[in-house]
Amino acid sequence: APYRVAVVVGSLRSNGFSLRLGQALAKLAPDTLKLDIVTLQDLSFYNQDLEASAPADWITFRDKIKASDAVLFVTPEYNRSIPGVLKNAIDVGSRPYGKSAFDKKPAGVVSNSPGAIGAFGANHHLRQCLTFLNMPVLQQPEAYIGGIGDAFDDAGDLVKPPLREFLQTYIDAFAAWVAQQHK
Ligand code: FNR
């Protein structure tokens, strides 16, 4: 059976670049992986007061992560960090203490921006969280996708061959590494 990968999209925008990038990666993935897009529109704010009877949307999100063999974060950068919705998802999934859904799951980080820096700041702020979450992270290739603004046509298809080639390299490397992590 293929390894199940939860693709956590760090933007709520209905047709955002991060979502399209996640969908493009799902199409390019080799058949050793099954990528499922996890969006965060329905996830409410973490509040420790509610943990005793956790909201259904938290449970749903935690269960999606627990059911996966790996997690691939695809995120834009907000103010040189990750969007609040992604941080909230990390916080929700990490609790209750000692029962983190993320614990030991192999992870990948793909950051993107219309700008030139490729959301490097978001990418590495996210990696700081992943250290505490005890998630081994694919280190190479790094994925800082700049110039995402003209990467897709209106149908959502990738129209930048060099980017397509890089994403293929990335997802193939991720697949090989995930398999290695599960040996
Ligand atoms: C941005 N954007 C942005 N871009 C960047 O490269 N570095 C940054 O620090 C920021 N900061 C930032 C803050 C806020 C609040 C917004 C709304 C946007 C621009 C951002 O890259 C752009 O809006 C992307 O298109 C967002 O990603 P999605 O929604 O298309 O996936």
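All values derive from a computational prediction rather than experimental measurement.

Caption draft 1: View of the overall build of the chain. Within the chain, the regular secondary structure consists of five helices and five strands. Counting from the amino terminus, helix and strand elements in the chain follow one another as β-α-β-α-β-α-β-α-β-α. Compactness check: the chain gives a C-alpha radius of gyration of 16 Å against a globular reference of 16 Å for 183 residues, within 12% of the reference. Seen through its C-alpha atoms, the chain measures out along the principal axes to roughly 50 × 40 × 30 Å. Here the chain holds 183 residues, and the buried ones make up 38% of them. Residue pairs at least 24 apart in sequence account for 79% of intrachain contacts in the chain once pairs closer than 6 positions are excluded.

Caption draft 2: Seen up close, the site of the ligand. Around the ligand, the structure places 15 residues, and the nearest of them are Ser11, Gly16, Ser18, Pro76 and Ser113. Its residues placed into classes, the shell around the ligand shows six nonpolar, six polar and three charged.

Caption draft 3: Broad picture of the sheet that holds strand 2 (residues 33–38). Taking strand neighbours across the sheet as the criterion, the five strands line up as 2-1-3-4-5 in an open arrangement whose pairing is parallel. Every interior strand has two partners, whereas the edge strands, strand 2 and strand 5 (143–145), have only one. Shown here is a sheet whose adjacent strand axes are inclined to one another by a mean of 20°, direction ignored. Packing against the sheet, helix 4 (residues 120–132) makes contact with strand 3 (70–75), strand 4 (107–112) and strand 5, and its axis sits at approximately 160° to strand 4.

The rules behind the values
- Residues numbered from 1 in each chain as written.
- Predicted model: local features only at pLDDT ≥ 70, side-chain atom pairs only at ≥ 80, totals over all residues.
- Helix = DSSP H or I, 4+ residues; strand = E, 2+ residues; numbered from the N terminus.
- Rg over C-alpha atoms; globule rule 2.2 N^0.38 Å.
- Buried ≥ 20, exposed ≤ 12 C-beta atoms within 10 Å, placed from the backbone.
- Contact = placed C-beta atoms within 7 Å.
- Near = placed C-beta within 6 Å.
- Nonpolar A, V, L, I, M, F, W, Y, C, P; charged D, E, K, R; others polar.
- Pairing = 2+ DSSP bridges.
- Axes fitted to C-alpha atoms, helices over the stretch in contact; angles between N-to-C directions.

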